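Each chain, written out:
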2 protein chains.
Amino acid sequence: MSTIEDVAKLAGLSRTTVSRVLNDHPYVSDEKKELVQKAMEQLGYVPNSAARSLRNQKTGIIAVLIPKISTPFFSQLIELLEMKASSKGYQLIICQTQFSKQKECRYLNLLKTKQVDGVIMTAVENDWSVIDSYLNYGPIVLCNEKIENANIPMVYVNQAQSGYLVAKHLIERGHTHIAYCSNGVKSEGMRARIKGFQSALQEVNIHSYEKFYFDKVSSVEDGKQVFRKLACMKVSPTAVFAGGDAVAAGIISEAQKAGWRIPEDLAVVGYDNMEITKLVDPMITTVIQPVDAMAEKSIDVMCEKIHRKQFRTFENHEFISKLAYRGSSTNRDHLVATS
Amino acid sequence: MSTIEDVAKLAGLSRTTVSRVLNDHPYVSDEKKELVQKAMEQLGYVPNSAARSLRNQKTGIIAVLIPKISTPFFSQLIELLEMKASSKGYQLIICQTQFSKQKECRYLNLLKTKQVDGVIMTAVENDWSVIDSYLNYGPIVLCNEKIENANIPMVYVNQAQSGYLVAKHLIERGHTHIAYCSNGVKSEGMRARIKGFQSALQEVNIHSYEKFYFDKVSSVEDGKQVFRKLACMKVSPTAVFAGGDAVAAGIISEAQKAGWRIPEDLAVVGYDNMEITKLVDPMITTVIQPVDAMAEKSIDVMCEKIHRKQFRTFENHEFISKLAYRGSSTNRDHLVATS
DNA sequence: ATGAAAGCGCTAACAC
DNA sequence: GTGTTAGCGCTTTCAT
């Protein structure tokens, strides 16, 4: 491995000049510049990034904390974050917290050891006061999450609006007995989602939602179970907001196996617009979040924070979602074409 | 940010002693050790990883090159690699090549700049001669891929066996007209898969496979299209090896829409045992690869390479897959229970 | 058992 | 325009 010194010697110049060429600084004559470039090429010289990091006090790496990589929504989010980061010259270290407070802290320590320039959190396990203390060491940006009173940039979807949107849609289609599925996560966003959902129901004087509330359902299997429970209620709902596409698919699959027609006997709405929604028949009506825009904003904000070295700034970057109207909640004759 | 110097001063000792404590070296009296630990705690000292990397010539980071993160198989692989790496104290940098030779090289450069200690490739875009040159800078391990004549560790599945297994299964169930779907990737593994598949057919004197070959199909949508083509052939196949679970799901979905019964009118076999296989009805017979074991082996081998500093060693770590017998290829009365 | 000092590879004052 | 030099924070001989 050749160093900047080797290049300097070969070119008959000083390390400084080589460094200047390396970093595109002004005040280097074209003549010497060429000399340096030739020497670099000849030696196959590449700057050592550890030395650069040490000297410059920055690494060009961002850590992304994520509960579980293989969850379709998260893998999509990572994919987009990676693309945006890459286009800005940053590398991404991926850290799975597995919903553990301890692991979350362990990874936040990357900030203390200066192994990364910043941390993007896509979920939060610890209390805010715990997270807050890490802000002394570098920037933290929340992506896909919001915390009341947190003095950092937060990029998130207005889930109250999402919940409202779904309820409104089902009400408009004549439903009055509407079930709600929660994935059991107790985040700010989840609370907002159910609030928005309920407020739409209350507007038209429906108060039955408590009877039709299912908690801690997130997988296909959970969805199947939801249907089984729902099917044997004395008064069963005619529509269900599954809270996730996998759950929606599970409900539909089990319902059809039991001879129910979708959406005539049961309308179903999912969340996240994953590929699975287009796979089942009928296709699943679902909430589309602007994941691409959120990923971009998160990276942009992070770069700006790193640059500004000002970490404790309250910033809300709110996005809103749309509904993709598909067959699982809409009769074919009413169906509006969607992508 | 406090440094090792600060700790030394506060403890009234030298940097050397602090460093010894930090690295669990012998020859430090318990008394001084305690002194140092107290000082570290008091200052909230954390060692700077850039300085350590520079001094030790290693980073504790491994790069994983992957074509596309959100592909279910790859996100599962990353998840497992991350867990194994994490348990060995390594961080993972995730790099999306997006099937581009150029990006692949750009990321292989992380090895040259010493930003990572090693690279795990889950696919290979460039010619081997190109990749080979990077071995001068650090270890490369192939995970989920095999290249003839590559002098590095390769962790892969014997796909000839997988293909054979699938064909054998379908033959045993009486099929003689069996279609084959390829995802269009021209890797060693894909060639082996089709070879194994064909050899099983040849054993029983079936030579019709060329008529029933579909190339470049990988998505649900592609699968739907395969069915449409297949349905209007003069002699249509009675079974199809979809080559991927998404394709299998697409075929089944479209077939059922057209009134075909699965598996009576068409038997379907997928690949990878993704969640989607359990979602459709009937559930999809599929090939299960030992992804967990492969991830573990890849990380183990990588750590060993990093340690040994001997990068050009030919190593085959071959794994074999199993078939999960499910409803898409097996009548209920013959169905063997599988997980 | 402990410390002094050199040096990993790079950049940026500062001098000329 | 170009070079000299100090130093980023750490580990490790080599003395003692």
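On a predicted model such as this, the values are computed, not experimentally measured, just so you know. (Residues numbered from 1 in each chain as written. Chains lettered and ligands numbered in written order. Predicted model: local features only at pLDDT ≥ 70, side-chain atom pairs only at ≥ 80, totals over all residues. Heavy atoms only, no water.)

Some remarks on the overall build of chain A
Argument step 1. Looking only at helices and strands, one finds 12 helices and 12 strands in chain A.
Argument step 2. Taking 2.2 N^0.38 as the reference for a compact globule, 339 residues should give roughly 20 Å; the C-alpha atoms of chain A span a radius of gyration of 26 Å, well beyond that estimate.
Argument step 3. Along the three orthogonal principal directions, the C-alpha set of chain A runs to about 90 × 40 × 30 Å.
Argument step 4. Restricting the contact set of chain A to residue pairs at least 6 apart, pairs at least 24 apart contribute 69%.
Argument step 5. Accessible surface, chain A as shown: approximately 15300 Å² in total, 49% of it carbon and sulfur.
Argument step 6. Considering chain A, the positive charge centre built from 41 side chains and the negative charge centre built from 37 side chains are found 4 Å apart. (Helix = DSSP H or I, 4+ residues; strand = E, 2+ residues; numbered from the N terminus. Rg over C-alpha atoms; globule rule 2.2 N^0.38 Å. Contact = heavy atoms within 4.5 Å. Areas by Shrake-Rupley, 256 points an atom, 1.4 Å probe, with all protein chains shown as cover. Lys, Arg positive; Asp, Glu negative; His and termini not counted. Charge placed at Lys NZ, Arg CZ, Asp CG, Glu CD.)

Remarks on the state of the cysteines
Argument step 1. For the structure on display, the rule yields zero disulfides over all chains.
Argument step 2. No disulfide involves A:Cys232; its nearest neighbouring cysteine sulfur is the one of A:Cys181, lying 14 Å away.
Argument step 3. Given the relative accessible area of 64%, A:Cys232 is considered exposed.
Argument step 4. Distance from the sulfur of B:Cys143, which forms no disulfide, to the nearest cysteine sulfur (B:Cys303) is 13 Å.
Argument step 5. The exposure class of B:Cys143 is buried, given its relative accessible area of 0%. (Disulfide = S-S within 2.5 Å. Buried < 20%, exposed > 50% of the residue type's maximum accessible area, 1.4 Å probe, protein only.)

Some points on the protein's contact with DNA strand D
Argument step 1. Close contacts around DNA strand D come from 28 residues, with A:Thr16, A:Lys32, B:Ile4, B:Tyr45 and B:Arg55 the closest.
Argument step 2. A share of 57% is what sugar and phosphate atoms reach among the atoms of DNA strand D within 4 Å of the protein.
Argument step 3. Taking A:Ser14, its main chain carries an N or O atom lying 3.1 Å from a phosphate oxygen of DNA strand D.
Argument step 4. The contact in question runs from a base oxygen of DNA strand D to an N or O atom on the side chain of A:Arg20, over 2.8 Å.
Argument step 5. At the level of secondary structure, the elements contributing two or more residues to the surface near DNA strand D comprise helix 2 (15-22) and helix 4 (49-56) of chain A together with helix 2 (15-22) and helix 4 (49-56) of chain B.
Argument step 6. Its residues placed into classes, the surface near DNA strand D shows nine nonpolar, 12 polar and seven charged. (Near = heavy atom within 4 Å. Polar contact = N/O pair within 3.5 Å; in protein donor to acceptor, adjacent residues only side chain to side chain. Nonpolar A, V, L, I, M, F, W, Y, C, P; charged D, E, K, R; others polar.)

A look at the sheet that holds strand 10 (residues 285-288) of chain B
All names here are of chain B.
Argument step 1. An order of 7-6-8-9-10-12 is seen for the six strands of this open sheet, with the pairing classed as mixed. The open sheet terminates on both sides in strands that have one partner only, identified here as strand 7 (213-214) and strand 12 (322-324).
Argument step 2. Two strands pair when backbone bridges link them, and strand 10 and strand 12 are joined in this way by three bridges, in the antiparallel orientation. In the sheet register, Ile-288 faces strand 12, and the bridge partner there is Lys-322.
Argument step 3. The strands touched by helix 8 (residues 159-172) are strand 6 (178-181), strand 8 (239-241), strand 9 (267-271), strand 10 and strand 12; relative to strand 9, the strand with the most contacts, the crossing angle is about 165°.
Argument step 4. Along the sheet, helix 11 (residues 245-257) contacts strand 6, strand 8, strand 9 and strand 10; its crossing angle with strand 9, the most-contacted strand, is approximately 155°. (Pairing = 2+ DSSP bridges. Axes fitted to C-alpha atoms, helices over the stretch in contact; angles between N-to-C directions.)

Remarks on the nonpolar core
Soluble globular proteins tend to bury their nonpolar side chains together.
Argument step 1. By size, the foremost hydrophobic cluster in this structure holds 94 residues, and its most contacted members are A:Leu81, A:Ile120, A:Leu201, B:Leu81, B:Ile120 and B:Leu201.
Argument step 2. Counting residues in each nonpolar core, the second largest holds 54 residues, with A:Ile140, B:Val124, B:Ile131 and B:Leu135 among its members. (Core = buried A, V, L, I, M, F, W, Y, C linked by side-chain atoms within 4.5 Å.)

Let's talk about empty space enclosed by the protein
Argument step 1. A full pass over the atoms with the stated rule returns one cavity of 30 Å³ or more.
Argument step 2. For the largest cavity, the lining is made up of 13 residues, of which A:Ser53, A:Ile61, B:Ser53, B:Thr59 and B:Ile61 are closest to its centre.
Argument step 3. Elements with a minimum of two residues in the lining of the largest cavity: helix 4 of chain A together with helix 4 of chain B.
Argument step 4. Within the lining of the largest cavity, the residues separate by chemical class into four nonpolar, eight polar and one charged. (1 Å grid on protein atoms, 1.4 Å probe; cavity = no way out; pocket = protein on both sides within 12 Å on 5 of 7 lines; lining within 4 Å. Points joined across faces, edges and corners; volume = space filled by probe spheres on them.)

Describing the packing of aromatic side chains
Argument step 1. On inspection of all chains with the given rule, the structure shows 14 aromatic pairs over all chains.
Argument step 2. Three or more aromatic residues joined by ring pairs make a cluster, and in this case those are A:Tyr180, A:Phe197, A:Tyr213, A:Phe241 and A:Tyr271.
Argument step 3. In this structure, B:Arg193 is placed above the aromatic ring of B:Tyr271, and the distance from its NZ or CZ to the ring centre is 3.7 Å. (Phe/Tyr/Trp six-rings, centres within 6.5 Å; stacked < 30°, edge-to-face > 60°. Lys NZ or Arg CZ within 6 Å of the ring centre and 35° of its normal.)

Digging into the UniProt feature "domain: HTH lacI-type" (unreviewed entry) in chain A
Argument step 1. Mapped onto this structure's residue numbering, the UniProt feature "domain: HTH lacI-type" (unreviewed entry) falls at residues 2-56 of chain A.
Argument step 2. Segment residues 2-56 of chain A splits into 69% helix and 0% strand. End C-alpha atoms: 20 Å apart. (UniProt positions renumbered as here; feature names shortened; annotations may be inferred.)

A word on the domain arrangement of chain A
Accessible area lost when the parts come together is the quantity often used to give the size of an interface.
Argument step 1. Domain boundaries assigned for chain A yield domain 1 (1-45) and domain 2 (159-289 + 322-336).
Argument step 2. Each of domain 1 of chain A and domain 2 of chain A was reduced to a C-alpha centroid, and the two centroids are 63 Å apart. (Domains from an automatic or database assignment.)

Structural notes on unusual backbone geometry
Residues and elements named next belong to chain A.
Argument step 1. The amide bond that connects Ile-262 to the next residue, Pro-263, takes the cis arrangement and shows omega of 5°.
Argument step 2. Within the secondary structure, Pro-263 sits in the loop between helix 11 (245-257) and strand 9 (267-271).
Argument step 3. Residue Pro-282 is bonded to the preceding Asp-281 through a cis peptide linkage, with omega at 5°.
Argument step 4. With respect to the element layout, Pro-282 can be found in the loop between strand 9 and strand 10 (285-288).
Argument step 5. Look at Asp-24: it is not a glycine, yet its phi comes out positive at around 55°.
Argument step 6. Looking at where Asp-24 falls in the secondary structure, it is placed in the loop between helix 2 and helix 3 (30-43).
Argument step 7. For Asp-24, a relative accessible area of 65% puts it in the exposed group.
Argument step 8. Although it is not a glycine, Asn-144 adopts a positive phi angle of roughly 75°.
Argument step 9. Considering the arrangement of structural elements, one finds Asn-144 in the loop between strand 4 (140-143) and strand 5 (153-157).
Argument step 10. The exposure class of Asn-144 is buried, given its relative accessible area of 17%.

As for the packing of helix 2 of chain A against helix 3 of chain A
All names here are of chain A.
Argument step 1. Interaxial distance between helix 2 and helix 3 falls to 10 Å at its minimum, and their mutual angle equals 90°. Comparing their axes, helix 3 and helix 2 come out roughly perpendicular. Across the interface between the two elements, Val-18, Val-21 and Leu-22 from helix 2 touch Lys-33, Val-36, Gln-37 and Met-40 from helix 3.
Argument step 2. Considering only residue class, the contact of helix 2 with helix 3 consists of five nonpolar, one polar and one charged. (Parallel < 35°, antiparallel > 145°, perpendicular 65-115°, else oblique.)

Looking at the protein's contact with DNA strand C
Argument step 1. Residues in contact with DNA strand C amount to 29 residues; listed here are only the nearest, A:Ile4, A:Tyr45, A:Arg55, B:Tyr27 and B:Lys32.
Argument step 2. At a separation of 2.9 Å, a phosphate oxygen of DNA strand C approaches a polar side-chain atom of A:Arg52.
Argument step 3. Contact distances for DNA strand C include 2.3 Å between a base oxygen and a side-chain N or O atom of A:Arg55.
Argument step 4. Contributing elements (two or more residues each) for the surface near DNA strand C: helix 2 and helix 4 of chain A together with helix 2 and helix 4 of chain B.
Argument step 5. With five residues, helix 2 of chain A is the single largest residue contributor to the surface near DNA strand C.

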